[in-house]
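Structure at a glance
Residue-level listing of the chains:
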Amino acid sequence: MVKKEINKKEIAESVHLLWDPLVDEQRELFVENISVQQYSNNEIIFREGDTPAYLYYLMKGKVTIRREGIAGQQQIIRMVEPHALFGYASAIEGGNYKTTAVAGENTEVFMIPVSLMFHLIWENSDFAMLFLKDLSALLGLSVERTVHLTQKHIRGRLAEALIHLNKKYGVEGDGQTLAVYLSREDLAQMSNMTTSNAIRTLSSFAQEGIIAIEGRKIKFINLEELQQISDRG
């Protein structure tokens, strides 16, 4: 982890989600208390059981939210996309983190202290409302994901995971290559399957001409067919 030297006001103004609801006096306090941290691949941002200290906003890179399951097996709960909030729900609940946040390559995170978050929530109803909206959206996604992971077959689950990543992170300049690189283990965890099943299913998609695989890079060849596989379950 590297603490980045920043122009605080310039960075604060760029985080429109948090900056726009504030009034001038609150913005001064906001600028005084923010920080930006840079993380390298697989570096821990916060760990399950820690006491929440910051509200996090992903400026660039990738963050996976994981939880330890049965026999110590890690399960990916959420993939955080750039310009999204994370790590604040446990603070609002009043408990310790129930998950671990792991950074991907070249990840940059904007942070404000939890104490300031609560101060602004109590003072500013518009600021408070953005957390209600964000939590509601996350709850809806969680319910949808639970239904799909319990009802879809292996091919449908993996197809949905790939489509979800495409929507969150988009593609590179060629218009086809997924703009985030994941290990086969991560894809398996997202799809609630074993790593070996994920590898076999990816290979099957490649043989059918739906995707192309080059190392950790995944290229979408037939996104429509992938969507149909997801829809069929």
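Throughout what follows, the structure given in this document is the object of discussion. Since the structure is predicted, the reported quantities are computational estimates derived from the model, not experimental observations.

Reading the values: the criteria
- Residues numbered from 1 in each chain as written.
- Predicted model: local features only at pLDDT ≥ 70, side-chain atom pairs only at ≥ 80, totals over all residues.
- Heavy atoms only, no water.
- Phe/Tyr/Trp six-rings, centres within 6.5 Å; stacked < 30°, edge-to-face > 60°.
- Helix = DSSP H or I, 4+ residues; strand = E, 2+ residues; numbered from the N terminus.
- Buried < 20%, exposed > 50% of the residue type's maximum accessible area, 1.4 Å probe, protein only.
- Patch = residues over 30% accessible without salt bridge, like charges linked within 9 Å, V, L, I, M, F, W, Y side chains within 5 Å.
- Areas by Shrake-Rupley, 256 points an atom, 1.4 Å probe, with all protein chains shown as cover.
- Salt bridge = Lys/Arg side-chain N within 4 Å of Asp/Glu carboxyl O.
- Lys, Arg positive; Asp, Glu negative; His and termini not counted.
- Charge placed at Lys NZ, Arg CZ, Asp CG, Glu CD.
- Pairing = 2+ DSSP bridges.
- Axes fitted to C-alpha atoms, helices over the stretch in contact; angles between N-to-C directions.
- Parallel < 35°, antiparallel > 145°, perpendicular 65-115°, else oblique.
- Left-handed = near helix turned anticlockwise from the far one by under 90°.
- Contact = heavy atoms within 4.5 Å.
- Nonpolar A, V, L, I, M, F, W, Y, C, P; charged D, E, K, R; others polar.

Below, the discussion takes up the packing of aromatic side chains. Taken as a whole, this structure holds 10 aromatic pairs when the rule is applied. Ring geometry for Tyr57 and Phe110: centres 6.2 Å apart, planes at 80 degrees, overall edge-to-face. In this pair, Tyr57 sits in strand E4 (residues 54–60) while Phe110 sits in strand E9 (residues 107–113), placing the two residues 53 residues apart along the sequence. Phe110 matches Tyr57 in its accessibility class, with the two residues each being buried. Taking the centre distance of 5.3 Å and the plane angle of 65 degrees together, the rings of Phe127 and Phe131 count as edge-to-face.

A grouping of Asp24, Glu25, Glu28, Glu32 and Glu123 is seen on the molecular surface, where their side chains present a negatively charged patch. The greatest single-element share of the negative patch, amounting to four residues, is contributed by helix H3 (residues 24–33). You can see Glu28 is positioned in helix H3.

Let us look at the sheet that holds strand E8 (residues 100–103). Strands sit in the order E3-E8-E5-E6 across an open sheet of four strands; the sheet is antiparallel. A strand with exactly one partner marks an edge of an open sheet, and here the two such strands are strand E3 (44–46) and strand E6 (74–80). When strand polarity is set aside, the average angle formed by the axes of neighbouring strands in this sheet is 35 degrees. Bridging between strand E5 (residues 63–68) and E8 involves four bridges; their strand directions are antiparallel.

What follows deals with the pattern of salt bridges. For the coordinates displayed, the defined rule picks out six salt bridges. Linking Lys168 and Glu81 is a salt bridge whose minimum nitrogen-to-oxygen distance equals 2.4 Å. In this pair, Lys168 is assigned in helix H7 (residues 154–169) and Glu81 in the loop between E6 and strand E7 (85–86), connecting sequence segments 87 residues apart. In this structure Glu81 comes out as partly exposed when scored by relative accessible area, which is 24%. A salt bridge links Arg232 to Glu225, with the shortest nitrogen-to-oxygen separation between them at 3.5 Å. Note on Glu225: relative accessible area 24%, which makes it partly exposed.

Time to look at the packing of H7 against helix H10 (residues 223–232). If you want to describe how two helices pack, look at the angle between their axes and the distance between the axes. Packing of H7 against H10 brings their axes to within 7 Å, and their N-to-C directions diverge by 130 degrees. Looking at the two axes, H7 sits oblique to H10. At the point where H7 passes H10, the crossing takes the left-handed sense. Contacts between H7 and H10 involve Arg155, Gly156, Ala159, Glu160, Leu162, Ile163 and Asn166 from the former and Leu223, Leu226, Gln227, Ile229 and Ser230 from the latter. Residues belonging to the contact of H7 with H10 are distributed by class as follows: six nonpolar, four polar and two charged.

Here the focus is the environment of Thr107. By the secondary structure assignment, Thr107 is in strand E9. Taking the C-alpha atoms as reference, Thr107 lies 9.4 Å from Pro82; in sequence the two are 25 residues apart. Setting aside residues up to four positions removed in sequence, Thr107 forms contacts with Gln37, Gln38, Tyr39, Leu58, Lys60, Gly61, Lys62 and Val63.

For the rest of this paragraph, the subject is the pairing of strand E10 (residues 211–214). Relative to strand E11 (residues 217–220), E10 runs antiparallel, the two sharing four bridges. In the sheet register, Ile211 faces E11, and the bridge partner there is Phe220. Linking E10 to E11, which pair antiparallel, is a turn of two residues; within it Gly215 sits at a positive phi near 65 degrees.

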